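Chain and residue survey
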Amino acid sequence: QVQLVESGGGLVQAGGSLRLSCAASGLTFSDYRMAWFRQAPGKEREFVTAISGSGINTYYADSVKGRFTISRDNARNTVYLQMNSLKPEDTALYYCATKSGLPSTTAIAFRSWGQGTQVTVSS
C-alpha cells in the first residue's frame, strides 16, 4: 500500500522560504511521477509542480515558476518542494501525490495522496 507523508509546512512571512518534504513507501519510487498540489479554503485543489521518475523532467504552474523548485532523492524515496519568495496567496494545504504513466497536471489522474501540510504566509 502506497503511503505518502508530507512535512515541513509552517508559518512564514511574505518573502520568506520553506522546504516541504514528502516521504514515500510501498512503491518502487523511481517508477513514479511525483507532484505537489495545493488547496486554499473555498478553492479547488490546484496543480503546483511535478517531476518525472528520473528527476530529469519538471513541470510548474505559471504562478510558481521562478520561485518554487521540485526535486527528488530516489535513494531516500523522498520528493522536495523548495519554496522561495513566498506570497500570501501561496497560503494553502499542500499535498504530495503520485502517479505512473504519462505526465498530468490534473488531480484526478494521481492515484495516491498524502494527508497534506499547511503553509501559511503572512503579509
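Residues numbered from 1 in each chain as written. Predicted model: local features only at pLDDT ≥ 70, side-chain atom pairs only at ≥ 80, totals over all residues. Heavy atoms only, no water.

Moving on: the overall build of the chain. Check the secondary structure of the chain and you find zero helices and 11 strands. Mapped in sequence order, the helices and strands of the chain form the string β-β-β-β-β-β-β-β-β-β-β. The C-alpha radius of gyration of the chain comes to 13 Å, within 12% of the 14 Å expected for a compact globule of 123 residues. For the chain, the spread of C-alpha atoms along the three principal axes comes to 40 × 30 × 25 Å. Looking at the chain as a whole, 45% of its 123 residues are labelled buried. If you take every contact in the chain between residues at least 6 apart in sequence, the share linking residues at least 24 apart comes to 57%. Split by element, the accessible area of the chain, about 6,200 Å² in all, is 47% carbon and sulfur. Charge-centre separation for the chain: the mean point of 12 positive side chains lies 3 Å from the mean point of 8 negative side chains. (Helix = DSSP H or I, 4+ residues; strand = E, 2+ residues; numbered from the N terminus. Rg over C-alpha atoms; globule rule 2.2 N^0.38 Å. Buried < 20%, exposed > 50% of the residue type's maximum accessible area, 1.4 Å probe, protein only. Contact = heavy atoms within 4.5 Å. Areas by Shrake-Rupley, 256 points an atom, 1.4 Å probe, with all protein chains shown as cover. Lys, Arg positive; Asp, Glu negative; His and termini not counted. Charge placed at Lys NZ, Arg CZ, Asp CG, Glu CD.)

Take the pattern of salt bridges next. On inspection of all chains with the given rule, the structure shows five salt bridges. Linking D90 and R38 is a salt bridge whose minimum nitrogen-to-oxygen distance equals 2.9 Å. Linking D90 in the loop between β8 (78-83) and β9 (92-99) with R38 in strand β4 (residues 33-39), this pair joins segments that are 52 residues apart in sequence. Classification of D90 as buried rests on a relative accessible area of 1%. For D62, the salt bridge is made with K65, and the minimal N-O distance between the two is 3.2 Å. Through salt bridges with shared partners, one network takes in R38, E46, R67 and D90. (Salt bridge = Lys/Arg side-chain N within 4 Å of Asp/Glu carboxyl O.)

This paragraph deals with the nonpolar core. The biggest cluster of nonpolar side chains holds 33 residues, and the ones touching the most others in it are M34, W36, F68, V79, L81, M83 and Y94. Dropping the residues within four chain positions of it, F68 is found in contact with R38, V48, Y60, L81, Q82, M83, N84, L86, D90 and Y94. (Core = buried A, V, L, I, M, F, W, Y, C linked by side-chain atoms within 4.5 Å.)

Moving on, we come to the packing of aromatic side chains. Taken as a whole, this structure holds five aromatic pairs when the rule is applied. Taking 5.7 Å as the distance between ring centres and 80 degrees as the angle between the ring planes, the aromatic pair formed by F37 and F47 counts as edge-to-face. Separated by 10 residues along the polypeptide, F37 in strand β4 and F47 in strand β5 (residues 46-51) bring together distant segments of the chain. The buried category is assigned to F37, whose relative accessible area is 1%. Note on F37 and F110: the rings are 5.2 Å apart at their centroids and 75 degrees apart in plane angle, and the pair reads as edge-to-face. A residue pair is termed long-range when its members are at least 10 positions apart, and F37 in strand β4 and F110 in the loop between β9 and β10 (112-113) qualify at 73 residues. (Phe/Tyr/Trp six-rings, centres within 6.5 Å; stacked < 30°, edge-to-face > 60°.)

Okay, the state of the cysteines next. Within this structure, the stated rule accounts for one disulfide. Between the sulfur of C22 and that of C96 lies a disulfide, 2.1 Å long from S to S. One quick way to see it: the torsion about the S-S bond of C22 and C96 is about -75 degrees, and its sign makes the bridge left-handed. Placement of the pair is C22 in strand β3 (residues 18-25) and C96 in strand β9, with a sequence separation of 74 residues. Like C96, C22 is buried. (Disulfide = S-S within 2.5 Å.)

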